Amino acid sequence: MTDITIDRGTMVEPLREKYNQFADTYRQLDASARISFWIVFGIVNTAIFAPILAPYDPAALHYEASLQGPTLAHPLGADLMGRDILSRLIFGTRASLAVGVVAVGIAVLIGVPLGSIAGYLGGWTDEFIMRSMDVVISIPALVLGLAIVGAIGAGLVNVIAVVAIVYSPQYARIIRGSVLSVKEEEYVEAAENTGLGNASILVKHILPNAFTPVIVQSTYHVATAIILEASLSFLGLGVQPPRPTWGMMIASGRQYLPGEWWISVFPGIAIMITVLAFNILGDGLQDEFDPRSETETGGGA
Amino acid sequence: MTDEPILKVDDLQKHFYENQGLLTRLRPDQEVKTVRAVDGVDLTIQEGETLGLVGESGCGKSTLARSVLRLTEPTDGSIRYRETDVTEFSDRELRSFRSEAQMVFQDPFSSLNPRYTVRETVVEPMKVHGIGESSEDRDQRARELIERVGLDSEHLDRYPHEFSGGQRQRISIARALAVEPQVIVADEPVSALDVSVQMQILNLLNELQEEMGLTMLFISHNLSIVRQICDRVAVMYLGEIVERAETATLFEDPKHPYSEVLVSSIPIPDPTVERDNITLEGDVPTPIDPPSGCRFHPRCPKVIPPDDWAHDQELWRRILRLKASLESGEVNLDAIRSKLESQTESPVSEEDVKEDVLEEYVIRANVEGADRVQIPPEVADDLARALSAVFSDDDPVEILDRSYSSICESTVPSESDVSDHRSVNCHLHDEELKRDQQLSTVVTADEH
């Protein structure tokens, strides 16, 4: 009996600590960042619970509602084939989030280590890594997308791969520049002077101080990634129908503008809200992660 | 104090290279410029003493400090720490050397990681060197250290930005002491601080040094501070040590003209005291192309005229200055001509331009309010000839060199030991020595 309670205690304790940390961070956020947090929270849940939330099957055809504007039955209207825009929007959250967040996340995971190693070590390592990155950058995103999809086929995972590969050189460049300036800081020399190894200096002293531009860039990239996904899907290289994505919805509604505006405007609004929410939340978190900002707000109070 | 120095720097050189890219190397019209930041420095530091290193900004003090700790790789020379050669350390040896020798940096606002709490800052070096048995133990040590340097243990979880400059420097000192070092290199540790705080930090350093038997290399451009805390002083000028002496001796009787200038620049807090305040002319020359001979000669107030020089030493100095200005291309005849033309609104002759150059560079010495000197006729002739050379595209410097060159310019002064722990690199001193020797030989000859 006692054993069990102790076990439960030790298991719950770290969780509670994590929650407290989270609550602390949340309390420090300003109003716009808090709202953004809840919007992002909502979007993520929409993606998870799409089948429960959507009133119709996103692929179901309701011919009687073809090109119908918003009505009670179809609150956001229907497209040419009478598919419910709201349901498609809700299901489209999945693909868009996957591309926007997962792909950008992977791009960061590829670009940041490469760029920071290049910036920190310099010399030939730097040349080799950055010139390879230049090669990737020199290929237009869509062409690279075509090549990759041509090689491994279309589909959501491949779109994610394309976006990750296309964006990773940009993170490499950003973090490299940032590392180059931070590594000249005296505290890096001081860390060297304590006898710390190169890897630890890079990870503990340089990266945390060089990361800010990456956060800013990635919130912006979430938006452009969703749009890149739209372009790829529009060309038939991205997510395959009938699976809906926001980008594809905008693309398919384009020819009905301005008459049947609801087909592309609502997904557009969805992208805008998502992007804004990520941006503002990113800004807020970044302020929060910077230890200097704490007293600035405290000083104002 | 043992006789064997704890740290012995021998002929240390640190050169930086400009334009070092591959393409510039391949191009014959471009040359790689060498910046001789530290150029052959010898230093010895005895265990437990504080050696001061003074000199103007840009003379290589900080580079020297960093090279001694191998924070930058020295280009050449050796650094012996106890029995070992620091320049030949492997990574592992270097790491253990880092627990012996630590650095306190100049700017406490940039030498602390803004994202590290005080605790992390102080505990990290202990972790690296395996000091302390457990994290509780290290925590305890961090608390003791932070209290020892005059902060409160409550401060441990704060970030650097929450502290003042003086407090930050205390944290920086605590970090250096965390590994129980033998040697501390303090690179202008108080120059970024308010004057009121400077003394507190200096006192702290002094106390800690006595308590822990630390050896200290103290770098500063502030001579009053050096005077207070150093046992011996080395004066550095443009990458070289020009004088070494016990602190008291140096301040009472500086031998090198540069040291004299430095010492004379210390303010005396007594308005009734009058003394010659020697001001230095010009800026520190660039270490890319340091002056020939004695590096201080272009600015030296005591530059030595040749034996047959019959005039004022002041005039001699000014002629050397004119020569240097001509050599560096600072004298722009076209600019002077157009200036004169706009003043007189009529064409000016070569003679007028030459006169103006002489007036500017020699008679008024290019310094506002400087005493005017008279140019004796034979010297004026020489100068006029040299300046004519400028108009006929000849090298005026060469002409001047023929009759106006100094030993200071042509020969590098060697280090001469004056007494124990005391040496000067200056021709003036060489000569004094020579004269003394001659005198003593005369005396001994007389005795026989």
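Because the structure is predicted, anything quoted here is derived from the model rather than measured. (Residues numbered from 1 in each chain as written. Chains lettered and ligands numbered in written order. Predicted model: local features only at pLDDT ≥ 70, side-chain atom pairs only at ≥ 80, totals over all residues.)

All right, on to the overall build of chain A then. Helices and strands together make up the secondary structure of chain A, namely 13 helices and zero strands. Secondary structure elements in chain A, listed N-terminal to C-terminal, are α-α-α-α-α-α-α-α-α-α-α-α-α. Along the first, second and third principal axes, the C-alpha atoms of chain A reach 75 × 60 × 50 Å. Counting across all 301 residues of chain A, residues that qualify as buried make up 42%. When contacts within chain A are restricted to residue pairs at least 6 apart in sequence, long-range pairs at least 24 apart make up 67% of them. (Helix = DSSP H or I, 4+ residues; strand = E, 2+ residues; numbered from the N terminus. Buried ≥ 20, exposed ≤ 12 C-beta atoms within 10 Å, placed from the backbone. Contact = placed C-beta atoms within 7 Å.)

Before going further, it helps to spend a moment on the interface of chain A and chain B. Between chain A and chain B, the residue contacts involve 16 residues of the former and 22 residues of the latter. Those elements that place two or more of their residues in the side of chain A that touches chain B are α8 (186-193), α9 (198-210) and α13 (291-300) of chain A. For the side of chain A that touches chain B, the element with the most residues is α8(A), which contributes six residues.

One finds V163(A), V185(B), L217(B) and V235(B) to be the most contacted residues of the largest nonpolar core, which totals 169 residues. By residue number, the principal contributor to this core is helix α4 (residues 85-121) of chain A, which donates 18 residues. Setting aside anything within four residues of it in sequence, one finds L217(B) in contact with I45(B), L51(B), L53(B), A65(B), V68(B) and V185(B). (Core = buried A, V, L, I, M, F, W, Y, C linked by C-beta atoms within 7 Å.)

Turning next to helix α11 (residues 313-328) of chain B. Residues and elements named next belong to chain B. Under the 1.5 Å per step criterion, the end-to-end length of α11 is 23 Å for 16 residues, consistent within 8% with the ideal 22 Å. Within α11 the residues assigned to the buried category are R317, R318, I319, L320, R321, L322, K323, A324 and L326. Count one or two residues on from α11 and you reach G329, which has phi positive near 80°. (Expected span 1.5 Å × (residues − 1).)

Residue and element names in this part refer to chain B. Within helix α2 (residues 61-68), eight of the eight residues are buried, which leaves the element mostly enclosed by the surrounding structure. By the burial criterion, the buried members of α2 are K61, S62, T63, L64, A65, R66, S67 and V68. Of the residues trailing α2, R70 is marked for its positive phi of about 55°.

Let's shift gears to the packing of helix α7 (residues 156-182) of chain A against α9(A). Residue and element names in this part refer to chain A. Two numbers describe how α7 lies on α9: the axes approach to 9 Å, and their chain directions differ by 120°. Looking at the two axes, α7 sits oblique to α9. As α7 packs across α9, the resulting crossing turns out to be right-handed. On α9, the residues that touch I175, S178, V179 and V182 of α7 are I206, N209 and A210. Residues that form the contact of α7 with α9 fall into these classes: five nonpolar, two polar and no charged. (Axes fitted to C-alpha atoms, helices over the stretch in contact; angles between N-to-C directions. Parallel < 35°, antiparallel > 145°, perpendicular 65-115°, else oblique. Left-handed = near helix turned anticlockwise from the far one by under 90°. Nonpolar A, V, L, I, M, F, W, Y, C, P; charged D, E, K, R; others polar.)

What follows deals with the domain arrangement of chain B. Reports often express the size of an interface as the amount of accessible area lost when the parts come together. Domain boundaries in chain B define domain 1 (7-264), domain 2 (313-405) and domain 3 (417-447). With centres defined by C-alpha atoms, the gap from domain 1 of chain B to domain 2 of chain B works out at 45 Å. (Domains from an automatic or database assignment.)

This brings us to unusual backbone geometry. All names here are of chain B. Backbone geometry places D11, a non-glycine residue, at a positive phi of 50°. With respect to the secondary-structure elements, D11 resides in strand β1 (residues 7-18). D11 sits in the exposed class, given 12 other C-beta atoms within 10 Å. The backbone of E180 shows a phi angle near 55°, a positive value even though the residue is not glycine. With respect to the secondary-structure elements, E180 resides in the loop between α6 (165-177) and β7 (183-187).

Turning next to the environment of P189(B). Residue and element names in this part refer to chain B. Mapping P189 onto the fold places it in the loop between β7 and α7 (195-212). Separated by 16 residues in the primary sequence, P189 and I173 place their C-alpha atoms 9.4 Å from one another. Beyond its immediate stretch of four places on either side in the chain, P189 contacts V104, Q106, Q169, I201 and L205.

Our focus in this paragraph is the packing of α6(B) against α7(B). Residues and elements named next belong to chain B. Closest axis-to-axis distance for the α6/α7 pair is 10 Å, and the angle between their directions is 15°. By the angle class used here, α6 and α7 are roughly parallel. As α6 packs across α7, the resulting crossing turns out to be right-handed. Along its contact with α6, which presents G165, G166, Q169, R170, I173 and L177, the element α7 presents V197, Q200, I201, L204 and L208. Of the residues that constitute the contact of α6 with α7, the class distribution is six nonpolar, four polar and one charged.

What follows covers the sheet that holds strand β2 (residues 33-45) of chain B. Residues and elements named next belong to chain B. Spatially, β2-β1-β4-β5 is the arrangement adopted by the four strands of the open sheet, whose pairing is antiparallel. At either margin of the open sheet sits one strand with a lone partner, and together these are β2 and β5 (84-85). The pairing of β1 with β2 spans 10 bridges and is antiparallel. Residue pairing for β2: E18 is matched across the bridge by K33. (Pairing = 2+ DSSP bridges.)

Attention now goes to the pairing of β7(B). All names here are of chain B. With five of five residues buried, β7 is to be regarded as a mostly interior element. Along β7, one buried face is formed by V183, V185 and D187 and the opposite face, lined by I184 and A186, is buried too. Taken together, the four bridges between strand β6 (residues 101-104) and β7 define a ladder with parallel strand orientation. Each bridged residue has a counterpart across the sheet, and for A101 the counterpart in β7 is V183. Judged from the five bridges that link them, β7 and strand β8 (residues 215-220) form a sheet pairing that is parallel. Along β8, the bridge assignment pairs V183 with T215. After leaving β7, the chain enters α7 and then returns to the sheet as β8, a path that is right-handed. (Right-handed = clockwise from strand over helix to strand, strands pointing away.)

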